[in-house]
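Observations on the three-dimensional arrangement
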Amino acid sequence: MTGTVYLVGAGPGAPDLLTLRAARLLESADIVFHDALVNPEILALAGKAKMVAVGKRCGKHSTAQAFINKQLIDSARKHDVIVRLKGGDPMLFGRAQEEIDALVGSGVDVEVVPGITAALAASASLKVSLTRRGIARNVAFVTPRIGKAEKAGNWLDTAASADTVVIYMGAGEAAAIANALILQGRPASTPAAMIESASLSDEQWHFGTLAGLAELAGLVGTGPAIIVLGEVLRDRARAGSQLSEWVRKAG
Ligand SMILES: C[S@@+](CC[C@H](N)C(=O)[O-])C[C@H]1O[C@@H](n2cnc3c(N)ncnc32)[C@H](O)[C@@H]1O
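The rules behind these values
Residues numbered from 1 in each chain as written. Predicted model: local features only at pLDDT ≥ 70, side-chain atom pairs only at ≥ 80, totals over all residues. Heavy atoms only, no water. Helix = DSSP H or I, 4+ residues; strand = E, 2+ residues; numbered from the N terminus. Buried < 20%, exposed > 50% of the residue type's maximum accessible area, 1.4 Å probe, protein only. Contact = heavy atoms within 4.5 Å. Domains from an automatic or database assignment. Buried area = accessible area lost by both parts, 1.4 Å probe. Salt bridge = Lys/Arg side-chain N within 4 Å of Asp/Glu carboxyl O. Polar contact = N/O pair within 3.5 Å; in protein donor to acceptor, adjacent residues only side chain to side chain. Nonpolar A, V, L, I, M, F, W, Y, C, P; charged D, E, K, R; others polar. Near = heavy atom within 4 Å. Areas by Shrake-Rupley, 256 points an atom, 1.4 Å probe, with all protein chains shown as cover. Pairing = 2+ DSSP bridges. Axes fitted to C-alpha atoms, helices over the stretch in contact; angles between N-to-C directions. Phe/Tyr/Trp six-rings, centres within 6.5 Å; stacked < 30°, edge-to-face > 60°. Lys NZ or Arg CZ within 6 Å of the ring centre and 35° of its normal.

1. Section: the environment of methionine 169
Inspection of the secondary structure puts methionine 169 in the loop between β7 (164–167) and α7 (174–183). Its relative accessible area of 32% is what places methionine 169 among the partly exposed residues. Sequence spacing of methionine 169 and isoleucine 227 is 58 residues, and the spatial spacing of their C-alpha atoms is 8.6 Å. Discounting chain neighbours no more than four positions away, the residues touching methionine 169 are Phe93, Thr143, Pro144, Arg145 and Ala225.

2. What to know about the domain arrangement of the protein chain
Domain parsing of the protein chain yields domain 1 (4–113) and domain 2 (118–250). Here domain 1 meets domain 2 over a buried area of about 810 Å², counting both sides, of which 72% is carbon and sulfur. Here domain 1 is connected to domain 2 by zero salt bridges. Where domain 1 packs against domain 2, one counts one residue pair in polar contact (both at pLDDT 80 or more). Among the residues forming the side of domain 1 that touches domain 2, the class breakdown is seven nonpolar, two polar and one charged.

3. A closer look at the site of the ligand
Inspection of the region around the ligand gives 16 residues, with Asp89, Leu92, Thr117, Ala198 and Ala225 positioned closest. Between a nitrogen atom of the ligand and a main-chain N or O atom of proline 12, the distance comes to 2.9 Å. Contacts to the ligand include alanine 225, whose backbone N or O atom sits 2.7 Å from an oxygen atom. For the ligand, the accessible surface in isolation is 570 Å², of which the surrounding protein chains cover 86%. For the shell around the ligand, the residue count by class is 11 nonpolar, four polar and one charged. Domain assignment of the residues forming the shell around the ligand places at least three in each of domain 1 (4–113) and domain 2 (118–250).

4. Quick word on the pattern of salt bridges
Using the criterion set out here, one finds nine salt bridges in the structure. Between aspartate 74 and lysine 70 there is a salt bridge, with the nearest N and O atoms lying 2.8 Å from each other. Separated by four residues within a single helix, aspartate 74 and lysine 70 lie in helix α3 (residues 65–78), roughly one turn from each other. By relative accessible area, which is 48% here, lysine 70 ends up partly exposed. One salt bridge connects arginine 132 with aspartate 235, and the closest N-O pair in it is separated by 3.6 Å. You can see arginine 132 sitting in the loop between α5 (118–126) and β6 (139–142) and its partner aspartate 235 sitting in helix α9 (residues 234–250), a full 103 residues away along the chain. With a relative accessible area of 36%, arginine 132 lands in the partly exposed category. Overlapping salt bridges bring together Asp35, Arg84, Lys86 and Glu99 as one network.

5. Observations regarding the sheet that holds strand β8 (residues 191–196)
Adjacent strands of a sheet form backbone hydrogen bonds with each other and so pair up, either parallel or antiparallel. The strand order β6-β7-β10-β8-β9 describes an open sheet built from five strands, whose pairing is mixed. Pairing within the sheet leaves two strands with one partner each, and these edge strands are β6 and β9 (204–209). Averaged over neighbouring strand pairs, the angle between their axes works out to 15 degrees when direction is ignored.

6. Details of the packing of aromatic side chains
A full pass over the atoms with the stated rule returns three aromatic pairs. Between phenylalanine 141 and tyrosine 168, the ring centres sit 6.0 Å apart and the planes meet at 55 degrees, which makes this aromatic pair tilted. With phenylalanine 141 in strand β6 and tyrosine 168 in the loop between β7 and α7, this pair connects stretches of sequence that are 27 residues apart. Look at tyrosine 168 and you get buried, because its relative accessible area is 8%. With centroids separated by 5.6 Å and ring planes inclined at 50 degrees, the aromatic side chains of tryptophan 205 and phenylalanine 207 adopt a geometry described as tilted. Among the aromatic residues, those joined into a ring-pair cluster are Phe93, Phe141 and Tyr168. Positioned above the aromatic ring of tryptophan 205, the side-chain terminus of arginine 236 is 4.9 Å from the ring centre.

Take a look at the structure:
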């Protein structure tokens, strides 16, 4: 084994949100295995690398995880610098542990380079801090999405009780999420935001309440979208709705 596999966070999309370490590794990579969501401008940094798409997007073809693991291990026998580029941070909702375990189990050196996760990009886009004195002292990152043969987790308990909740991979099932959370005791009036393509030039955000989450989801286009819930959004949501009301009237 000669090569090292670097699990690198590509961040939420904007190329200048990539870390310097990630950019340097891409420049020196011999081969890059990348997710579907990674911005082409970021991929272009890997000037001398062979590019392999192993992307996962809902409803589209994705490479089976076991096959990705095998490709990474095989690559480590042939190359020095192998980059496994993942959207956001590799260690959040990215199946990084399965890749790390497979690589370490095969004697391959692994390093992880963090990236900016979508929740933090969304917080920046909204200009809303996910924590706030007297209002939110904890934040939960959850997903209702479960893999095949995986037992249902307790995301609902967590999302019902955390001060601020960020829901990954939930836009497609917004109505079910809202119903479940309201049944679990989260007030229907909880402020909500849906952020699509955070950090990119075509980013969109929409404010509403938990009860109206499905409506917000209906406004989402083809980009990745994330849901934020919690009282930290209240002032911003009010200002946001006034603004959209004003734009509607003006238009
Ligand atoms: C498989 S998860 C990967 C999360 C990633 N590891 C991270 O740390 O952001 C993909 C989900 O992240 C969210 N996401 C990723 N990039 C996003 C962006 N730029 N804007 C909004 N949501 C995003 C969406 O909920 C999407 O369905």
